Amino acid sequence: MLNSTCYSTSSIQSLNPTCPSSLISTLHKPEIHYISQNTRTRIVTYNTKRRRRRMASVAAMNAVSSSQEVGVQDQKELKKGIAELYDESSGIWEDIWGDHMHHGYYEPQSSVELSDHRAAQIRMIEQALTFASLNEDATKKPTSIVDVGCGIGGSSRYLAKKYGAQAKGITLSPVQAQRAQALADAQGLGDKVSFQVADALNQPFPDGQFDLVWSMESGEHMPDKEKFVGELARVAAPGGTIILVTWCHRDLSPSEESLLPEEKELLNKICKSFYLPAWCSTADYVKLLQSNSLQDIKAADWSENVAPFWPAVIKSALTWKGFTSVIRSGWKTIKAALAMPLMIEGYKKGLIKFAIITCRKPE
């Protein structure tokens, strides 16, 4: 069971005395609680023997039926909203948080200072590589990498430097692609890393091109999870590794057919602010990976390890610099900022799960 400590409006304003109390009241809801870190990460491995694949395929199709209900026109509008959100907000994020647009990884029970959050984002990358056994086996050192949903290219550049690899990043946001390439060129990585505007559901790459397929917090934006996973598998080289880190809803129990109405309502509010389609569970993703005949599938819930992240983001938004930057950026960014406490609520209630899932494409 998760213990929690409530942050009052007055305690937040004591940390940010220049921030208007009216803004704090808007962004902060008293019922939102901070998640303590008092449980171990549970790792689940999955058997993908051939005789189970047919059943997995059928289950996977059922699991993502809600994703497939997103029509062509709705998908276009969703992708347009995603691109515009990140066109608006990426500059603010980089200015305050740096070039890694994802959660940080924190040790349970750790005392975290604001200055540690950027280092925690690097730890997230390293922990994901370790979970996939890439840090332990020198023979698995990737030489070609695709970063699916690359943001402004933080992971792409980091991985290219770490492994001396060629990396390609794709994003729906022209602003992100341009900025990612500018940063790569400025860091002397222009010959190793490239970025382009492209759809993760229809990637502009041939089959089997990459021995590391990396997706750090982009899967939640995908309106067709079946096609998304299929594309990850398609572009992976034989023997290549797929690392998928994404937001999920909790796994359903055997007696449940769907989430509770109040859980759906909370996720719908988040979806409207962050331009997200229907959510799925970690188990749904695993079934999809199994249906693509991928091997060595394992998954873990890292929700406890990312617990300090959203409170830190809210704290940064409540500084005068953060507040004025959000207001200037546009309505889509403002809506996303107002939804941040809902993410904490979802984590606190055990509804939102921060999942890592890794697997390997057969030789």
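Shown above is the structure to which this text applies.
Throughout this description, residue numbers start from 1 for each chain and increase along the sequence as written. With pLDDT at 70 or above as the cut-off, local features in this predicted model cover only qualifying residues; side-chain atom pairs require 80 or more to be listed or tallied, and sums for whole chains, interfaces and linings still use all residues. Note: side-chain values were computed over all heavy atoms of the structure, leaving out hydrogens and water.

Caption draft 1: Quick peek at the pattern of salt bridges. Any carboxyl oxygen of Asp or Glu within 4 Å of a side-chain nitrogen of Lys or Arg constitutes a salt bridge here. All chains considered together, the criterion is met by 15 salt bridges. With its nearest N and O atoms 2.7 Å apart, the salt bridge here joins Arg179 to Glu94. Within this pair, whereas Arg179 is found in helix H8 (residues 174–186), its partner Glu94 is found in helix H5 (residues 72–97), the two being separated by 85 residues in sequence. Assessed through its relative accessible area of 36%, Arg179 is described here as partly exposed. Residue Glu345 pairs with Lys349 through a salt bridge whose shortest N-O separation is 2.7 Å. Residue exposure (1.4 Å probe, protein chains only): buried if accessible area is under 20% of the type maximum, exposed if over 50%, otherwise partly exposed. For Glu345, a relative accessible area of 11% translates into the label buried. Three or more residues are tied together by salt bridges with common partners; here these are Lys80, Glu84 and Lys332. Runs of E in the DSSP output that reach at least two residues are strands. Runs of H or I that reach at least four are helices, and both are numbered from the N terminus.

Caption draft 2: Layout of the packing of helix H9 (residues 225–235) against helix H11 (residues 282–291). Following both chains from N to C, one finds H9 and H11 inclined at 50 degrees, their axes separated by 10 Å at the closest point. Looking at the two axes, H9 sits oblique to H11. Judged by the twist between their axes, the crossing of H9 over H11 is right-handed. Contact with H9, carried on its side by Lys225, Glu226, Phe228 and Val229, involves Tyr285, Leu288 and Leu289 of H11 and no other residues of that element. In the contact of H9 with H11, the residues fall into five nonpolar, no polar and two charged. Working convention: axes come from line fits to C-alpha atoms, limited for helices to the stretch in contact. Angles between N-to-C directions cover 0 to 180 degrees. Oblique is the label for any angle not covered by the other classes, which are roughly parallel (under 35 degrees), roughly antiparallel (over 145) and roughly perpendicular (65 to 115). Left-handed describes a crossing whose near helix is turned anticlockwise from the far helix by less than a right angle; the clockwise case is right-handed. Throughout, a residue-residue contact means that at least one pair of heavy atoms, one from each residue, lies within 4.5 Å. Amino acids are sorted into nonpolar (Ala, Val, Leu, Ile, Met, Phe, Trp, Tyr, Cys and Pro), charged (Asp, Glu, Lys and Arg) and polar (every other residue, Gly among them).

Caption draft 3: Structural view of helix H15 (residues 340–348). Taken across its nine residues, H15 has eight buried, putting it largely inside the fold. Buried within H15 we find Met340, Pro341, Leu342, Met343, Ile344, Glu345, Gly346 and Tyr347. Just past H15, the residue Gly350 takes up positive phi, approximately 75 degrees.

Caption draft 4: A look at the packing of aromatic side chains. Stacked, tilted and edge-to-face are the three classes assigned to paired rings of Phe, Tyr and Trp, where Trp is represented by its six-membered ring and a pair needs centres within 6.5 Å; plane angles under 30 degrees give stacked, over 60 edge-to-face, the rest tilted. On inspection of all chains with the given rule, the structure shows eight aromatic pairs. Each ring, one from Trp247 and one from Phe274, has its centre 6.0 Å from the other, and the planes form 80 degrees; the classification is edge-to-face. Residue Trp247 is located in strand S8 (residues 236–249), and its partner Phe274 is located in helix H10 (residues 261–274); the two are separated by 27 residues in the primary sequence. Exposure class is identical for Trp247 and Phe274. Each is buried. Judged by centre distance (5.6 Å) and plane angle (85 degrees), the rings of Phe309 and Trp310 are edge-to-face. Phe309 sits in the buried class, given a relative accessible area of 3%. Aromatic rings pair up to connect Trp247, Phe274, Trp279, Phe309 and Trp310 into one cluster.

Caption draft 5: Main features of H10. What a helix should span is 1.5 Å times the count of its residues minus one. Over its 14 residues, H10 runs 20 Å from end to end, which matches the ideal 20 Å to within 8%, given 1.5 Å per residue. All of the buried residues in H10 are Glu263, Leu266, Leu267, Ile270, Cys271, Ser273 and Phe274. Count one or two residues on from H10 and you reach Tyr275, which has phi positive near 55 degrees.

Caption draft 6: Highlighting unusual backbone geometry. Of note, Ser133 is a non-glycine position whose phi angle comes to about 70 degrees, a positive value. Of note, the phi angle at Glu217 is positive, near 60 degrees, even though the residue is not glycine. Along the chain, Glu217 falls in the loop between strand S7 (210–216) and H9.

Caption draft 7: Up close: the environment of Pro108. As for its placement among the helices and strands, Pro108 is situated in the loop between H5 and helix H6 (117–131). The sequence separation of Pro108 and Asn305 amounts to 197 residues, and the corresponding C-alpha distance is 6.1 Å.

In short, geometric facts, not functional conclusions.
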